[in-house]
2 protein chains.
Amino acid sequence: MTISDISRIRRFNRAVTREVGALDHSFLGRGRPLGAARVLNAIGQGIDEVGALRANLGLDSGLLSRLLRGLEGEVLITLARDDADGRRRRARLTPAGQAEFEAYETLSDTRATDLLAAHPNTSALLTAMDLIATTLGREEIEIAETDPRAEAAIHCLEAYYAELAARFDGGFDVSLSCDPEAASMTAPRGAFFVALSDGMPLGCVGLKGTDLGYAEIKRLWVAPSARGLGLARKLMTRAEAAAQKLGITTLRLDTNAALTEAQAFYRNSGWHEIPRYNDDPYPTHFFEKAVAAPGA
Amino acid sequence: MTISDISRIRRFNRAVTREVGALDHSFLGRGRPLGAARVLNAIGQGIDEVGALRANLGLDSGLLSRLLRGLEGEVLITLARDDADGRRRRARLTPAGQAEFEAYETLSDTRATDLLAAHPNTSALLTAMDLIATTLGREEIEIAETDPRAEAAIHCLEAYYAELAARFDGGFDVSLSCDPEAASMTAPRGAFFVALSDGMPLGCVGLKGTDLGYAEIKRLWVAPSARGLGLARKLMTRAEAAAQKLGITTLRLDTNAALTEAQAFYRNSGWHEIPRYNDDPYPTHFFEKAVAAPGA
DNA sequence: ATTTATAGCTGACTAAAGTCAGGCAAATGA
DNA sequence: TCATTTGCCTGACTTTAGTCAGCTATAAAT
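Residue indices begin from 1 for each chain and proceed along its sequence in written order. Each chain gets a letter, beginning with A, and each ligand a number, beginning with 1, in the order they are written. Per-residue local features are limited, in this predicted model, to residues with pLDDT of at least 70; the limit for side-chain atom pairs, both in listing and counting, is 80 or more; totals at the level of whole chains, interfaces and linings are taken over all residues. Heavy atoms throughout the structure, all of them, feed into the side-chain values; hydrogens and water do not.

Draft legend 1. Seen up close, the overall build of chain A. By the criteria applied, helices consist of DSSP H or I runs no shorter than four residues and strands consist of E runs no shorter than two, each listed in order from the N terminus. A tally of regular secondary structure across chain A gives nine helices and nine strands. When we talk radius of gyration, it's over C-alpha atoms, and the globule rule is simply 2.2 Å times the number of residues to the 0.38. Its C-alpha radius of gyration of 24 Å places chain A more than 25% over the 19 Å reference for a compact globule of 296 residues. Across its three principal directions, the C-alpha atoms of chain A cover 70 × 60 × 35 Å. Each residue gets one of three labels from its accessible area relative to the maximum for its type: buried under 20%, exposed over 50%, partly exposed in between, using a 1.4 Å probe on protein chains only. With 296 residues in all, chain A has 50% of them scored as buried. Contacts are assigned to residue pairs that have any heavy atoms within 4.5 Å of one another. Counting only contacts in chain A whose residues sit at least 6 apart along the sequence, the fraction spanning at least 24 positions is 57%. Under the convention used here, a 1.4 Å probe and the Shrake-Rupley method define accessible areas, while residue burial counts only the protein chains that appear. As displayed, chain A offers around 14,200 Å² of accessible surface, 53% of which is attributable to carbon and sulfur atoms. Here Asp and Glu are counted as negative and Lys and Arg as positive; His is not counted, and neither are the chain ends. The location of each charge is read from NZ of Lys, CZ of Arg, CG of Asp or CD of Glu. Charge centroids of chain A, computed over 34 positive and 39 negative side chains, lie 6 Å from each other.

Structure representation (structure tokens):
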């Protein structure tokens, strides 16, 4: 092969290094050094505690302090002591600071829009970006408990339904399926989890409580860009731990033969096949797993 | 849609900004400031003229001069006057400089290898990187005349044959086709061009001279990651200009019905269909175009 | 043979980033 | 309650990056 894998990655590195440099340069156009701009942006993103800013930007305490003083001097931010802990201080944007923050946002968005317009196949470009961002950020994927009606959860569920529709021979219509009520997947009856990578939902799983002596695992899904990173297992582990806490001892789930990789996953993570236990038209295979008691 | 296109791009930006920062940081681990490391790397890549370094790294003359002095002090490089132009100076790595350069290369390669290992679908990751690097670098794609036996040309041709094999119903075997001899696609009989983006070949076209009163356009191909950027037209324009220079007045080409987008492209760029003019088994459609005389 | 332009260098600066020791006030823990 | 820790700050630095005017040598143009 004439073009090695590594040389392709390094070409990518050069391209994005140039791009990052160009964005930094465009930020300088607002007459503020990069350090100050970064702090302002972080505050705009909602990172308001001084300590969190320090951690997030990797700045020395003294340096950050001076940058904050500078932004205060420009009347872009105000700092106030935290009510709960008087040592801590919280930064807030003033109206002028908000305007300035938005100006930086606009610079970023304009670059992003230009990039989108540059390629005829927008969807392929975005998919490529998602894949790379997910791969680069794989260490920082967190699993958060959330309401199944929250935005991130709905995003996952819609993607999940769309995928089922594409993969099932006769399509998929949620309304024909036993769509679990949200209440059955929230405390104290059940739980719902999403995997988040820098804010983007990449996967979900629901634990649905029932009155039938078992709970069900529902809506286990991982985004295509994140498959192979072991996310399904992480989500499942979280759901099982939640079940344990709720005193649930038996878990069940159903799946369709078309989802071959899902079946393989269940079989090699402690589930065993059982007879049909519901009359949902979509599933073809049914599994059960015993959950150890909390103290065991 | 809950996740906007722009937010996806910005997540990508954050991910690569972090990655670029991490790579810079790992470079600092060799005890040399980034500026000096960059200069050393550029010299290692073969950029040896001081002026070229300045242009390439975007450095001020004075600053670069000082950085070069520093590297000379570390005995990593030597500077000697250019034989052809005594004002110019050329940098060369000493053995110690070569070793140091290679240490930086290893750092880069290790990161690249780790990244590759991080994702189960290596080929998808690389394809995504190619697409993004090409999109980001779209302004700097250059079209270079080259020998059809050169590495970049062969890379394109192999990809072209592989694509034909995949798209033609009965596959494609070069040896059954009229594979033009390299000599017919080099001066003074013809020409061969490749499109290069930061060293990666993204497309090609051959101008094949014949003794039959016309020349042929052969092997017009654009990499999937670069389609939609107008590269085919650029390549064709270059080939036509080369034909003009060689005094060729009539161009012909053949194509297969399976390549629908190619046919559309020929029709809307001045070509008209003519009867079959050869007995190659693969083509189904034949085109001709008149080239204006040089002086016209 | 001059004049002019070019390539690179040096000196003298400034701005930005980063480091580190110490200080103070609030919170925490024995 | 009092020592200790924590969170943030200030002062006093250094290093890195970057700018700019002017210098010298070579080369090119007239």
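Draft legend 2. Highlighting the side chain of glutamine 263 of chain A. The topology assignment puts glutamine 263 of chain A in helix α9 (residues 260-267). Beyond its immediate stretch of four places on either side in the chain, glutamine 263 of chain A contacts Thr255, Asn256, Ala257, His285 and Phe287 of chain A.

Draft legend 3. Expanded view of the pairing of strand β6 (residues 215-222) of chain B. Residue and element names in this part refer to chain B. The element β6 is extensively covered by neighbouring structure, given that eight of its eight residues are classed as buried. Sheet topology note: the strand β5 (residues 200-209)/β6 ladder contains six bridges and is antiparallel. Within β6, the position partnered with glycine 209 by the bridge is alanine 215. Paired strands, in this sense, are two strands between which DSSP finds at least two bridges. As consecutive antiparallel partners, β5 and β6 are separated by five residues, and within that stretch glycine 213 has a phi angle of approximately 90°, a positive value. One ladder, built from two bridges, connects β6 with strand β7 (residues 250-255); its direction is parallel. When the bridges of β7 are listed, glutamate 216 appears paired with arginine 252. Between β6 and its parallel partner β7, the chain crosses via helix α8 (residues 231-245), and the hand of that crossover is right-handed. Whether a crossover is right-handed depends on one test, that the path from the first strand over the helix to the second runs clockwise when the strands point away from the viewer.

Draft legend 4. Here's a closer look at unusual backbone geometry. Of the consecutive residues alanine 187 of chain A and proline 188 of chain A, the connecting peptide bond is found in the cis state with omega at 5°. Tracing the backbone through its elements, the reader meets proline 188 of chain A in the loop between α7 (151-167) and β4 (191-197). With a phi angle near 55°, valine 75 of chain B is a residue other than glycine that sits in the positive phi range. With respect to the helices and strands, the residue valine 75 of chain B is situated in the loop between α4 (61-73) and β1 (77-81).

Draft legend 5. Focus on the protein's contact with DNA strand C. Near, as used in this document, describes a residue that has one of its heavy atoms within 4 Å of the molecule or strand being considered. Residues in close proximity to DNA strand C total 22 residues, the closest being Gly86 of chain A together with Arg54, Arg66, Arg87 and Arg89 of chain B. Within 4 Å of the protein, the atoms of DNA strand C are drawn from sugar and phosphate moieties in a proportion of 66%. For DNA strand C, a base nitrogen lies 3.3 Å from a polar atom in the side chain of serine 61 of chain B. Between DNA strand C and arginine 69 of chain B there is a distance of 3.0 Å, counted from a phosphate oxygen to a side-chain nitrogen or oxygen. Those elements that provide at least two residues to the surface near DNA strand C are α2 (34-44) and α4 (61-73) of chain A together with α3 (50-57) and α4 of chain B. The element that contributes the greatest number of residues to the surface near DNA strand C is α4 of chain B, accounting for five residues. Within the surface near DNA strand C, the residues separate by chemical class into six nonpolar, six polar and 10 charged. Whenever two N or O atoms come within 3.5 Å, that pair is a polar contact, provided that in protein one can donate a hydrogen and the other can accept it, and provided that, for residues adjacent in sequence, both atoms are side-chain atoms. Residue polarity follows a fixed list, in which Ala, Val, Leu, Ile, Met, Phe, Trp, Tyr, Cys and Pro are nonpolar, Asp, Glu, Lys and Arg are charged, and the others, Gly among them, are polar.

Draft legend 6. Local environment of the relation of the copies chain A and chain B. Here the copies were fitted onto each other by least squares, based on C-alpha atoms from residues at pLDDT of at least 70 in both. Once chain A has been moved 0.1 Å along the axis and rotated by 180°, it coincides with chain B to within an RMSD of 0.3 Å. In symmetry terms, the pair is related by a two-fold rotation axis. Taking the C-alpha atom as reference, chain A places alanine 128 of chain A closest to the rotation axis, 2.2 Å from it. The residues that chain A uses at the interface reappear at the interface of chain B in 100% of cases, marking a shared surface.

Draft legend 7. Expanded view of helix α5 (residues 95-118) of chain A. Its 24 residues place the ends of α5 of chain A 34 Å apart at the C-alpha level, agreeing with the 34 Å of an ideal helix rising 1.5 Å per residue. Taken as a whole, α5 of chain A has its buried residues at Gly97, Glu100, Phe101, Ala103, Tyr104, Glu105, Ser108, Ala112, Leu115, Leu116 and Ala118 of chain A. Multiplying one less than the number of residues by 1.5 Å gives the expected span of a helix.

Draft legend 8. Structural context of the packing of α2 of chain A against α5 of chain A. Residue and element names in this part refer to chain A. To obtain each axis, a line is fitted to C-alpha atoms, and for helices this fit is confined to the stretch in contact; angles are then taken between N-to-C directions over 0 to 180 degrees. Orientation of α2 relative to α5, taken along the N-to-C sense of each, is 105°, at an axis distance of 10 Å. Regarding the angle of α2 to α5, the classification is roughly perpendicular. For the pair α2 and α5, the contacting residues are Ala37, Leu40, Asn41 and Gly44 in the first and Gly97, Glu100, Phe101, Tyr104 and Glu105 in the second. Classifying every residue of the contact of α2 with α5 gives four nonpolar, three polar and two charged. Angle categories: roughly parallel below 35 degrees, roughly antiparallel above 145, roughly perpendicular from 65 to 115, and oblique for all the rest.

Draft legend 9. Just the sheet that holds strand β3 (residues 142-145) of chain A, in detail. Residues and elements named next belong to chain A. Strand order in the open sheet formed by seven strands is β3-β4-β5-β6-β7-β9-β8, and the pairing between neighbours is mixed. In this open sheet, the two strands that pair with only one neighbour each are β3 and β8 (272-274). Direction aside, neighbouring strands of the sheet carry axes that sit 30° apart on average. Packed onto the sheet, α7 meets β4, β5 (200-209) and β6 (215-222) and runs at close to 80° relative to β6.

Draft legend 10. Examining the layout of surface pockets more closely. A 1.4 Å probe that fits but cannot get out identifies a cavity on a 1 Å grid over protein atoms alone, an open set with protein on both sides within 12 Å along at least five of seven lines counts as a pocket, and a residue lines either if it has an atom within 4 Å of a point. Grid points are joined across faces, edges and corners, and a volume is the space filled by probe spheres set on the points. In this structure, the largest pocket encloses a volume near 1,600 Å³. Lining the largest pocket are 38 residues, with Arg38 and Leu57 of chain A together with Arg14, Thr17 and Arg18 of chain B positioned closest to its centre. Contributions of two or more residues to the lining of the largest pocket are made by α1 (5-28), α2, α3 (50-57), α5 and β4 of chain A together with α1 (5-28) of chain B. Of the residues forming the lining of the largest pocket, the biggest block, nine residues, is contributed by α1 of chain B. Its residues assigned to classes, the lining of the largest pocket shows 13 nonpolar, 13 polar and 12 charged. The volume enclosed by the second largest pocket comes to roughly 1,200 Å³. In terms of lining, the second largest pocket is formed by 34 residues, of which the most central are Arg14 and Thr17 of chain A together with Arg38, Asn56 and Leu57 of chain B.

Just geometry here; none of it tells us what the structure is for.
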